[in-house]
Each structure stands twice: as C-alpha cells, then as structure tokens.
Amino acid sequence: MSPKKRSSGNGTPNRGNKPGRKKSSSPDSQLSPVFTVEKHKDKDSDFVILCVDLKVTDPVCDNAWASWESVAKSAEKVNNSNRPHWGACLYVSAVDMEEISFTFTELQKAVGLSVKQFFKLVKKMDENMDTISPKVNSALSKLEKKYEVSLALYQRFVKTCAKIYSVPNEEERKELLRSTWTMFLLAKGSVLQMEDDLVIAFQLLLCVLEFCTKRCPSTFLQPLYKIAIGATTQSPQTRTSRRNKAKPRPPEVDAQLLETLCRESDCSVDEVKNMYQSSFCAFLDSMILSGSQELPSVEVLSKKYEALYYKNKDFDARLFLVDDETLSPGKVEAVKVDMTPRKNHCGEENVLIPPQTPIRSALNSIQQLRGELTSASDQPSANLIVYFRNCSVDPSDEITKRVEQLSQIFCQKFAAAVGQRCEGLGKKRFTLGVQLYYKVMESMLKSEEKRLSVQNFSKLLNNATFHTSLLACALEVVMATYVGTSLKNVNENGNETDLCFPWILEVFQLYAFDFYKVIESFIKAEPTLKHDMIEHLGRCEQQIMESLAWKADSPLFELLRQSREEGPGEQAEPPATLNQPLLHNHTAADLYLSPLRPSRRATAAETDTSAVPSSQLPVPGTRQHRSNSLSLFYKKLYRMAYLRLKMLFSHLLSSHPELEHIIWTLLQHTLQNEYELMKDRHLDQLMMSAMYAICKVKNVDLRFKTIVTAYKELPNTNQETFKRVLIREGQYDSIIVFYNLVFMQELKTNILQYYSSRPPPLSPIPHIPRSPYKYCSSPLRVPGGNVYISPLKSNRMTPTVMTPRSRILVSIGESFGSSDKFQKINQMVSSTDWSMKRRLEGDSAPKPLKRLRFDVDGQDEADGSKSSGESTLIQKLTEMSSARSRMQEQKLKEEAEKEDPKP
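Throughout what follows, the structure given in this document is the object of discussion. Source: prediction; values computed, not measured.

### Topic: the state of the cysteines
- Tallied over the full model, the rule gives 0 disulfides.
- Here Cys262 stays unpaired: no disulfide links it, and the sulfur of Cys267, its closest cysteine neighbor, is 5.4 Å away.

### Details of empty space enclosed by the protein
- Within this structure, the stated rule accounts for 9 cavities of 30 Å³ or more.
- The calculated volume of the largest cavity comes to roughly 140 Å³.
- Put simply, the parts of the chain that give the lining of the largest cavity at least two residues each are helix H13 (358-372) and helix H18 (464-483).
- Here the element with the most residues in the lining of the largest cavity is H13; it accounts for 4 residues.
- A breakdown of the residues in the lining of the largest cavity according to their chemical character gives 6 nonpolar, 4 polar and 4 charged.

### Structural notes on helix H26 (residues 683-697)
- The end-to-end C-alpha separation of H26 is 21 Å, in line with the 21 Å expected for 15 residues at 1.5 Å each.
- With 14 of its 15 residues buried, H26 lies for the most part within the structure.
- Immediately downstream of H26, the backbone of Asn699 shows phi near 60 degrees, a positive value.

### Some thoughts on helix H20 (residues 512-525)
- Taking 1.5 Å of rise per residue, 14 residues should cover 20 Å, and H20 covers 20 Å from first to last C-alpha, within 8% of that figure.
- Bending of H20 peaks at approximately 30 degrees at the position of Ile519.
- Across the 14 residues of H20, 13 count as buried, placing the element largely inside the fold.

### Quick notes on the environment of Ser302
- Topologically, Ser302 is positioned in helix H12 (residues 298-312).
- Judged by relative accessible area, which is 1%, Ser302 ranks as buried.
- Here the alpha-carbon distance between Ser302 and Arg178, two residues 124 residues apart in the chain, equals 9.1 Å.
- Among the polar contacts listed, one links the side chain of Ser302 to the side chain of Arg318, at a separation of 2.5 Å.

### Section: the pattern of salt bridges
- Counted according to the given criterion, the structure contains 26 salt bridges.
- Here Lys135 and Glu98 are joined by a salt bridge, their closest N and O atoms 3.3 Å apart. Linking Lys135 in helix H6 (residues 134-164) with Glu98 in the loop between helix H3 (83-97) and helix H4 (104-111), this pair joins segments that are 37 residues apart in sequence.
- Note that Arg429 and Asp197 form a salt bridge whose closest N and O atoms lie 3.6 Å from each other. Of this pair, Arg429 sits in helix H16 (residues 423-452) while Asp197 sits in the loop between helix H7 (170-191) and helix H8 (198-213), and the two are 232 residues apart along the sequence.

Parameters and conventions
- Sequence order as written defines the numbering, with residues in each chain counted from 1.
- With the structure being a predicted model, the display of local features is reserved for residues of pLDDT at least 70 and the display and counting of side-chain atom pairs for 80 or more, all residues being used for whole-chain, interface and lining totals.
- Computation of side-chain values: all heavy atoms of the structure, hydrogens and water removed.
- Two cysteine sulfurs form a disulfide in these notes if their separation is within 2.5 Å.
- Here a cavity denotes a set of grid points, spaced 1 Å apart and computed over the protein atoms alone, in which a 1.4 Å probe fits but from which it cannot get out, and a pocket denotes an open set meeting protein on both sides within 12 Å along at least five of seven lines; residues with an atom within 4 Å of a point are reported as lining.
- Grid points are joined across faces, edges and corners, and a volume is the space filled by probe spheres set on the points.
- Strands here mean DSSP runs of E at least two residues long; helices mean DSSP runs of H or I at least four residues long; both are numbered from the N terminus.
- When residue character is reported, Ala, Val, Leu, Ile, Met, Phe, Trp, Tyr, Cys and Pro are called nonpolar, Asp, Glu, Lys and Arg charged, and the others, Gly included, polar.
- One fewer than the residue count of a helix, multiplied by 1.5 Å, yields its expected span.
- Buried means the residue's accessible area, taken with a 1.4 Å probe over protein chains only, is under 20% of the maximum for its type, while exposed means over 50%, and partly exposed covers the values in between.
- In this scheme, the bend at a residue equals the angle between the axes fitted to the seven residues that finish there and the seven that begin there.
- Counted as a polar contact is a pair of N or O atoms within 3.5 Å, where, for protein atoms, one must be capable of donating a hydrogen and the other of accepting one, and residues adjacent in sequence contribute only when both atoms are in side chains.
- Within this document, salt bridges are pairs made up of a side-chain nitrogen of Lys or Arg and a carboxyl oxygen of Asp or Glu, the two lying within 4 Å of each other.

The structure is reproduced here in structure tokens:
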C-alpha cells in the first residue's frame with residue numbers, strides 16, 4: 001500500500017503526487033544538471049521515470065542501476081514492484097556521490113515506503129559487505145536517530161497539548177497544533193546545531209508552548225493554565241517599540257506559566273529558563289516575533305520551515321500532524337499516547353504505571369540524578385579539605401584551577417556541538433558533573449584510608465591525570481543520563497557532534513587508557529548509580545579495550561614496550577594466569593601510580609609513597625614490579641576477547657568444537673606478542689582474521705563473507721570494523737585486504753605451525769568471572785517464584801515526590817513508609833546460602849552455592865553452611881508472593897467489572 005496523500009492547505013504543501021507526474025521542484029533542484037533520458041535506454045523504463053521524478057544526475061542514475069543489478073538476484077519484490085529497491089539504490093548512490101537532488105520524504109513518496117520500512121529494506125540489501133559504504137551508513141544512522149527523536153517529541157507534544165488546550169472547534173484546534181508544532185520545528189532547526197539531543201529539544205518545545213499558550217484565548221485553555229496565565233495578565237504587558245531597532249526589548253517570560261509547564265513535565269525549570277533567555281529569545285528576534293502578541297501565521301512559519309527542510313534534505317516532520325504513513329512507526333513500535341491528563345491523588349493505591357517513553361525515561365533519570373546530588377556541592381566538602389591539608393603538597397589550588405579551566409573548555413565544546421547559544425545549558429551539566437566528581441572522590445579517599453590506614457594521599461591527589469579522568473567519568477554519567485537509555489548511541493563511530501562517549505575524551509584531550517583506570521573504582525565508590533548507568537560505563541570500558549586504547553599515540557604502547565624490555569618474565573599478562581579468577585581489588589591509586597619508576601635523583605616529594613600498598617613498593621636489589629594498570633588491562637582484555645570469540649564461534653563453527661581452543665591460542669598469541677597489529681585497529685578485526693586463518697589451515701570451508709555476515713548479528717558491532725581497516729598509514733580497505741596484506745604476512749610462520757603434526761601448545765582458556773559491575777544493581781530471583789529482592793538502599797525520594805511508577809515498585813501489598821520489614825528480609829538474605837536452589841529445581845544432589853552478601857564491596861563469599869533463617873525466609877517470601885497474586889487478581893477483577901458491568 002502506498003503512503004496516504006495528505007491534503008494541502010494552511011501552508012502545508014502536498015507531497016502525495018504519484019511518480020511520473022510533474023511536481024513542484026525544490027529550491028536546489030534548479031541547480032542539478034539536466035537528466036538525459038536518451039543515455040539510459042538500456043535501463044528499465046520505470047526506473048528511468050523514477051530518476052526523472054527525483055531529478056537525479058546521470059552519474060547517480062548509472063551508479064544506482066549498477067547497484068541494483070548486483071542485488072537484483074537476491075532481492076525480493078515488495079508489492080510486486082522493484083521501485084522500493086530502486087529508491088534505496090538511488091539514495092545510497094546519491095549519498096555516496098554527494099549529489100542529493102531530492103529530500104528523503106520525496107523519495108519515500110515516490111517509492112511508497114515508510115521510514116521504518118526503508119531502513120529495514122536497506123539493511124536487508126546489505127547482505128553483501130560492500131553494498132553500503134561507511135558514509136551511507138553514517139547518514140542513515142543520523143537520519144534514523146533524528147527520526148526517533150522527532151517521533152518521541154511529537155508523541156509528547158500531542159500529550160502535553162491535550163493537557164493545556166481545550167479547543168471546542170476541531171478546525172481551530174488543528175490550526176493551533178499546526179502553528180505550535182511548525183514553530184517548534186523551525187526553532188529546533190534554527191537554534192540547535194545538533195537536533196538529536198532529546199532533552200534539549202524537549203526544553204525548547206516547552207519554550208514554544210509557553211509562547212503559544214499565553215497568546216491563546218482563555219477559552220482555549222484548561223483550568224490549570226488559565227490560572228497560570230491569569231497571574232501575569234493582571235499586570236499589563238509592555239510591548240516592544242518597533243522604532244527602537246537598535247536595542248529591542250527581549251520578550252518577557254511568563255514565569256508562572258513556564259514553571260507550570262515544567263512541573264507538569266518533570267523538567268528542570270532553571271534549564272528551561274536558560275534555554276528561553278539564551279536561545280529562544282534570539283530565535284523570536286530573528287523571526288520578528290518578540291513584540292507580537294498574536295500567534296504567528298501558519299503559512300509564514302511553514303514557508304520558512306520548508307526552506308530548512310529542503311536544505312537538510314531529510315524528512316518533512318510536519319507530516320506527523322496528519323498521521324502520514326511515511327512517518328508511521330508501525331503498529332509494534334508505536335507508543336500509545338494517553339490524551340487524558342494523569343492526576344496523582346494522595347493516598348492513591350491502584351496507580352497505573354505510566355509508559356516509559358524515551359522522554360519520560362530521560363527526565364526520570366535526570367530527576368533521580370539530581371536527587372542523589374541534592375546534598376552534594378560543586379566545591380570540596382569539609383572532609384575533602386581535610387584530606388587535601390593532610391597531603392605533603394596541598395593540591396587544593398591546583399584542583400580548583402583545573403576544574404575552572406576544564407569548565408571553560410567543556411562549555412565551549414558543548415556549545416559548538418549543540419548550538420552556540422547553549423553554553424549555559426552546558427554549564428549546568430558541568431556543575432552536576434563537578435558535584436558528582438567531588439562526591440565520588442571523597443568516597444574513594446575514605447575507602448583508601450580504611451584500606452591503607454593512611455591519610456596522606458599527596459601522590460594521588462597531585463596527579464592531574466587522575467583528576468581529569470575522574471571528572472570526565474562523572475561528566476560521562478551526567479551526559480549519558482541526559483541522553484536517556486532509549487535513544488543512547490553506542491556506536492563509537494557516531495557523528496562528530498554526538499555527545500556520547502568518547503566525546504568527553506576529545507573534549508579533555510584525555511587518553512582512553514587513562515580514563516579506563518578510573519571506571520571500576522568510580523562504580524564501587526558510587527553505590528547509588530543506576531543499573532543502566534553501570535552498564536553504560538561497562539560498555540565504555542569495552543570500547544576502550546577493543547579499540548580506543550589502541551590509538552597510535554596511546555600510552556598503552558609505551559607500557560608494553562617497557563614490559564618487553566624487562567624480558568620474558570615481565571610479560572603484560574602471562575598466559576598461565578588466564579584460568580585464574582579475576583580479582584577486582586585494584587583501586588584508582590593502584591592504577592594511576594603504576595608502574596612505579598622513580599629516578600635515581602628523585603626528590604622526597606617525587607618518591608612519596610602515600611596511597612600505595614607496601615607490597616607494591618620497589619625493594620632494593622630486586623626487579624621492578626609489573627605495571628598493575630597494564631596487567632589488569634590485559635586480564636580484562638583476554639576475557640573480553642575470548643567471550644567475543646566464543647559468541648562468534650557458536651554462530652559459525654559449532655560443528656567443529658576442536659577449533660575453538662586453537663583459534664583462541666592464535667588470538668591470544670597475537671595480542672601478547674604482535675600487539676603492534678592492534679595499533680589504530682579493532683580487536684574484532686584480529687579475531688575474525690584468526691578464525692579465518694585457522695579454518696584455512698585446517699581445511700574447514702569458511703569464507704570471510706560468512707564470517708562478516710555472522711559478525712553483524714553480534715551486539716554492539718559496527719560496519720566500519722570490517723569495511724574500513726587500516727592497511728598502512730593513511731590507507732584503509734576491507735578486512736579481506738587486511739588479512740592478505742598484513743595479518744597473514746606478520747603471522748604466517750605461527751599460523752603454519754598449526755598445520756604440522758606437532759602444533760604449539762594451546763593457551764589456557766580464561767576464567768570468566770561474574771561481572772564486577774552487577775554487584776550493586778542486579779536483583780536476586782527467589783527460587784520457585786516470580787519474586788525478586790534487591791539490596792536495601794537509602795530512600796532516594798520522599799513519598800510526597802515519588803511518581804506512581806517509583807511508588808508501586810517499592811510497595812508490596814502495603815503502603816510506603818516503614819523500611820523495617822525490608823531490612824529484616826535483607827538480613828535474612830544475607831545469612832542464607834541458597835543451597836536449596838538446585839533441590840527446588842529438581843537436582844537430586846545439590847551442591848553448595850555462593851551466597852550473596854549485600855555489602856558495600858559486593859564480593860561473593862563461598863559458604864556451604866546451613867542457615868537457620870532459610871525456612872523463615874522462604875515462608876516470608878511465599879507470603880509476599882501470595883499477597884502480590886491476590887492484588888493482581890483483584891485488579892483484574894475490577895478491570896473486568898468496569899468493561900462488562902453487571903445489570
């Protein structure tokens with residue numbers, strides 16, 4: 001079914017023309033070279049007509065047809081037509097050749113595909129690894145992310161307008177919505193340089209709503225907003241004089257109305273006011289709307305937005321207003337929006353959990369983060385000042401000066417990425433990061449004091465790299481919280497304006513290897529981190545280990561060179577230790593002050609050994625100890641590499657289990673002895689090459705195309721990993737070329753050893769431990785029931801400010817308030833070994849399992865002893881489960897009675 005035509009009118013153009021008909025041309029189309037139909041008689045006539053409709057150039061037409069011929073054999077017809085595939089080939093060719101003569105919406109209309117359908121089709125076409133280039137993939141990723149953000153904003157816009165407006169006339173209501181939404185789209189495109197920042201865009205939407213709401217007739221508004229505006233309209237507003245053009249008076253912000261909008265949306269008032277004064281006022285001035293007391297004309301707004309739309313050549317977001325199928329998310333992806341305002345009554349028990357839309361998720365996360373930092377300061381606390389004064393060299397001045405310098409750098413880079421007038425928003429995010437930075441630093445120092453029984457941390461606290469890394473980690477938590485989990489971009493090769501990791505490393509000019517050193521200690525020192533944020537930092541660590549730490553200028557290579565100079569006994573991480581458990585007892589002090597290589601002329605201050613365990617200090621007459629940071633890095637690297645290999649192996653070679661150990665040995669040997677191959681490359685490139693090499697020497701038929709196809713199914717993969725591999729300085733090519741010209745040449749002798757009857761010894765399989773980043777977040781499932789118990793934490797919010805969702809998550813058949821019962825349950829869980837788990841699951845010979853201790857350091861403790869509290873716990877949990885079941889049954893019964901009331 002082709003997309004619905006939309007009616008023209010009210011300044012919204014008709015883009016529903018059928019292919020082949022004469023359409024109104026875009027402003028840029030007049031600059032395109034003339035398309036010569038005679039040159040393309042060898043092509044399908046319908047394809048040529050499509051090219052004429054989209055006004056493509058001759059080279060784009062030829063390139064697209066060649067692409068179509070390469071995929072035609074495997075392509076499946078959509079609605080008995082090849083037009084969708086032709087459109088995809090034309091888009092890919094136009095982006096690749098940088099000759100785009102049509103907008104994305106025009107392309108969609110011409111081939112009859114929605115956004116989701118188009119992305120799905122292109123992904124399906126990319127079965128051949130050379131079909132889609134990194135340039136096209138980047139453009140598609142940017143377009144898809146912008147679409148997801150726009151969809152989330154529109155859904156929230158509709159819901160918010162339902163709370164604000166009460167327009168009896170349908171045409172007037174539509175006119176109001178068209179005016180407001182189009183004004184927002186124009187403001188977003190004009191103000192924001194990076195339009196895919198969900199929270200900032202939503203804050204701008206609230207500014208637009210404030211502007212439009214206070215210019216609406218009072219009869220159009222819900223009572224709450226009538227009251228909000230009434231407080232302002234009591235005093236006459238002063239209009240800006242048009243004669244005074246030299247210094248126009250800025251539009252006045254309706255404080256009470258804006259506060260009402262922010263409160264109803266759970267959004268920060270300060271940040272929205274900052275957006276209004278710094279960015280939105282400038283937009284109103286540019287539109288000559290500052291002194292106007294009337295709503296702007298839809299026709300004028302639409303005409304200005306249309307120019308922006310043609311310039312960007314993406315989708316026409318005005319089509320959301322008419323539910324056009326080109327922007328339809330589909331039945332599965334669509335989020336149902338409740339048009340009725342939700343009211344939270346005090347003491348309300350049966351409260352529906354609101355849907356976790358992207359905006360709600362992000363705003364809730366921001367609210368929780370702010371709640372955790374309520375008592376924190378953006379200045380060192382009294383306890384920190386004591387630690388600073390106890391140092392041999394007081395670091396206070398350097399720390400304060402460094403924070404101020406990094407603040408200026410951060411705000412400038414933030415404004416350059418988001419919008420030049422958004423520096424104030426960057427300052428507010430930086431302040432939150434500084435609060436978290438000082439909070440975590442104090443927690444770290446308290447832990448170190450307890451561990452080492454010292455109070456002089458001069459060496460650590462005077463380490464600039466440590467402070468920059470710690471502040472960067474705190475800011476990464478803040479930035480990731482604002483992005484929101486629903487739209488987080490985990491692609492390390494994202495757009496240059498993407499604020500997600502590793503953007504913060506570029507801002508602070510910080511080496512990824514140095515940043516890695518603080519991640520684990522940061523998580524341990526901040527027990528209130530949310531589960532999704534712990535996972536995010538874990539992904540950051542993974543990105544560092546697989547590629548970012550292997551940049552050519554990384555200090556990692558200097559450590560490896562020093563390690564090699566020490567001789568065979570001082571390897572980065574001896575293979576013999578791989579099958580030993582990975583102990584997560586390293587702290588930031590261990591890693592940032594390692595390796596210890598004091599010079600012979602070192603002064604007393606330079607040889608300060610504070611904050612370093614005595615076991616790590618150099619002993620006269622002995623060899624220097626191996627770098628802790630390098631050793632731990634390689635331990636984690638080996639384990640991550642093996643898990644990645646095992647995942648890919650299970651997709652491809654499950655019928656050849658004997659090859660897994662051999663492939664791992666070759667990969668481990670490469671990482672240990674041929675680490676120069678990792679320079680400016682990706683771990684997965686070596687992994688795939690090792691797999692192909694062993695299959696080749698063992699006569700197992702496995703092609704690189706098959707490996708790449710399976711690799712794309714793994715989580716957190718990027719097409720550039722196999723499409724753009726460094727061959728030599730400044731030259732990139734596919735992974736096949738890398739294998740033939742680089743990998744095979746360097747490892748040929750080692751690879752051929754596995755062909756002989758006496759192959760080299762196999763490397764130990766790494767011991768795979770429980771992730772250290774789940775100790776403070778993962779709930780424990782109760783055996784034999786659908787009940788989960790999490791460690792008791794301090795209350796983040798008081799009952800009065802809790803949302804219905806957060807309230808229902810902590811209430812199990814009783815009202816919120818007392819924590820005594822939760823504390824008792826927690827104590828029982830802490831004293832239980834859960835040895836009955838396997839018996840409940842049918843195991844005739846149960847074995848003692850590790851019991852979970854809900855403590856600060858999150859360590860597992862092996863204990864097979866019998867606990868007397870076990871039966872009491874099971875009884876209590878059974879009662880809880882039963883109570884929950886009764887509540888659910890009662891709720892279902894009430895809902896059934898509402899739907900089918902008895903006569």
